[in-house]
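# Observations on the three-dimensional arrangement
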Amino acid sequence: PDGMFTDDGGSTDQIRTYYTDQNPSADYGQQIDINEVKVRAKLPTYPAHLNLAYWQIEKSGHKQMRFADENCTGCHMQSKTRKIDRVTREIKGSVDGHLGYIDLEAVALYREFKDRESIPTDLFGDHGRGRSPGYYEHDEDPESTVKEITINANTSPSGGLVGGTSLTIGKRENESDLSSIYPVKAEMDYWKTSTNVTYTPSKAWTINLRHRYLDIDNDNTNSFPAPGHGTDRTADLEVRDSIDFTRAWYEVIGNYRPNNNLTIKAELRREDIDRDNTGPPEEHHSQGDLTV
């Protein structure tokens, strides 16, 4: 319900937070539709297959959106009805073939997210730091795309030595479309590998080797305009670099079965995690000289 919250437990002389529901009697609900199509074809004279898949999910309906209109005199919490009309599409194509003892597969993937409704726009008051009252966009769900290529290779699943490896290279991009305020662009480049090897020298022994590696390189807008800051009151604010991440995981498992009723298992696992661009804590700056 609409109301107000104060600092002293009752007096309205120091109102700090207001709350308003613009659509108090609204009903909310969403419909989800999922469609999927797959096609698989085999080459007539060669042991290879072509695969094509299309997947789509659509969300439509209405939900309650909450946001804050911060100004000099207090914080105005609001809620309103937001129409939902979003779609995620994915196209995946692959080709696989048998080359003697080795099976190869190449997979290409493209995925996109689209918000077919306009970005919410509402009236905001004076922020006191250079932002004048007016209508501004807010609560954007940025559209995005994912592009990915994967190469898989594995040996025959029978025999004393069985192995498989996979390499994936991909990129995700944030496609913010804000106009009344400065958008923050972001993208992520990543690559990952996995390797599995199983060696069975005899019926009593089995040795498994596993390796996983993930490397994520994040990037975002370096700075954005911030009127009201800096000595000349027009300084840009630097945006902290996104954290890059790498993870390496190794595992060795040995199984010894002296008889059908007893198995002795030994396991060794190691994990290395590295984060870059963490940086030291930034020094606090007052409103007049904030530049970071």
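Refer to the preceding data block for the structure.
As the structure is a computational prediction, the values presented were derived from the model and not from experiment.

This paragraph deals with the overall build of the chain. Each helix and strand in the chain was counted, giving zero helices and 16 strands. For the chain, restricting intrachain contacts to residue pairs at least 6 apart in sequence, the fraction spanning at least 24 positions comes to 58%. Per element, the accessible surface of the chain, about 18,900 Å² overall, is 53% carbon and sulfur.

As a further point, take the pattern of salt bridges. If you walk through the whole model with that rule in mind, you get 19 salt bridges. A salt bridge links D189 to K171; the nearest nitrogen and oxygen atoms lie 3.1 Å apart. Of this pair, D189 sits in strand β11 (residues 186-202) while K171 sits in strand β10 (residues 161-175); the two residues are 18 residues apart in sequence, bridging distant segments of the chain. On the basis of relative accessible area, K171 is assigned to the partly exposed category, the value being 24%. Here R247 makes a salt bridge to E271, at a shortest N to O gap of 2.5 Å. Taken together, the residues span a long stretch of sequence, with R247 in strand β15 (residues 244-259) and E271 in strand β16 (residues 262-276) at a distance of 24 residues. For R247, a relative accessible area of 28% translates into the label partly exposed. Looking at E271, the relative accessible area reads 42%, which means it is partly exposed.

Let us look at the pairing of β10. Bridging between strand β9 (residues 143-155) and β10 involves twelve bridges; their strand directions are antiparallel. When the sheet's bridge partners are listed, E148 is paired in β10 with G170. Where β9 folds back on β10, the antiparallel hairpin that results is connected by five residues, among which G159 adopts a positive phi of roughly 115°. Across 14 bridges, β10 lies against β11 in antiparallel orientation. Bridged to L161 within β11 is Y199.

The next subject is the side chain of E148. Turning to its location among the elements, E148 is positioned in strand β9. Although buried, E148 forms no salt bridge, and the nearest oppositely charged side chain, K192, lies 4.9 Å from it. A distance of 2.5 Å separates a polar atom in the side chain of E148 from a polar atom in the side chain of Y190. Those residues within four positions of E148 in sequence are excluded, and the remaining contacts are V107, A108, L109, T168, I169, G170 and Y190.

Moving on, we come to unusual backbone geometry. A negative phi holds for most residues other than glycine; trans holds for most peptide bonds. Here the phi dihedral of D139 falls at roughly 55°; this positive angle occurs in a residue that is not glycine. Secondary-structure assignment places D139 in the loop between β8 (134-137) and β9. Overall, the relative accessible area of 33% leaves D139 in the partly exposed class.

A few words now on the environment of F224. Along the chain, F224 falls in strand β13 (residues 223-225). Among all residues touching F224, those that are not within four sequence positions of it are Y182, D236, L237 and V239.

For the structure shown, the criterion picks out two aromatic pairs. Measuring from ring centre to ring centre gives 5.1 Å for W191 and Y213, while their planes differ by 40°; the resulting arrangement is tilted. Taken together, the residues W191 in strand β11 and Y213 in strand β12 (residues 205-220) connect sequence positions 22 residues apart. For W191, a relative accessible area of 35% translates into the label partly exposed. Judged by its relative accessible area of 23%, Y213 is partly exposed. Taking 4.7 Å as the distance between ring centres and 35° as the angle between the ring planes, the aromatic pair formed by W205 and Y256 counts as tilted. Highlighted residues: W205 in strand β12 and Y256 in strand β15, separated in sequence by 51 residues. With a relative accessible area of 31%, Y256 lands in the partly exposed category.

For the rest of this paragraph, the subject is the environment of N51. With respect to the secondary-structure elements, N51 resides in strand β4 (residues 48-70). Put simply, N51 and K92 are 41 residues apart on the chain and 8.0 Å apart in space, counted from C-alpha to C-alpha. Discounting chain neighbours no more than four positions away, the residues touching N51 are V39, R40, K92, G93, S94 and D96. There is a polar contact of 3.3 Å between the side chain of N51 and the side chain of D96.

Cut-offs used in this document
- All chains use their own residue numbering, which begins from 1 and follows the written sequence.
- Local features in this predicted model are restricted to residues whose pLDDT is 70 or higher, and side-chain atom pairs enter the listing and the counts only when it is 80 or higher, whereas totals over whole chains, interfaces and linings include all residues.
- Think of the side-chain values as coming from all heavy atoms in the structure, minus any hydrogens and water.
- Helix and strand assignments come from DSSP, with helices taken as H or I runs of at least 4 residues and strands as E runs of at least 2, each series counted from the N terminus.
- What makes two residues a contact is simply this: any of their non-hydrogen atoms within 4.5 Å.
- Computed with the Shrake-Rupley method and a 1.4 Å probe, the accessible areas treat only the protein chains shown as cover for residues.
- In the sections that follow, a salt bridge refers to a side-chain nitrogen of Lys or Arg positioned within 4 Å of a carboxyl oxygen of Asp or Glu.
- Type-normalised accessible area, obtained with a 1.4 Å probe on protein chains alone, sets the label of each residue: buried when under 20%, exposed when over 50%, and partly exposed for intermediate values.
- We treat two strands as partners when DSSP finds at least two bridges between them.
- Asp and Glu are treated as the negative residues and Lys and Arg as the positive ones, with His and the ends of the chain left uncounted.
- Polar contact is defined as a pair of N or O atoms within 3.5 Å, subject to the rule that within protein one atom must be able to donate a hydrogen and the other to accept it, and that residues adjacent in sequence are counted only when both atoms are side-chain atoms.
- Aromatic rings from Phe, Tyr and Trp, with only the six-membered ring used for Trp, were paired whenever their centres fell within 6.5 Å, and each pair was classed as stacked if the ring planes differed by under 30 degrees, edge-to-face if by over 60, and tilted otherwise.

These figures capture arrangement, not role.
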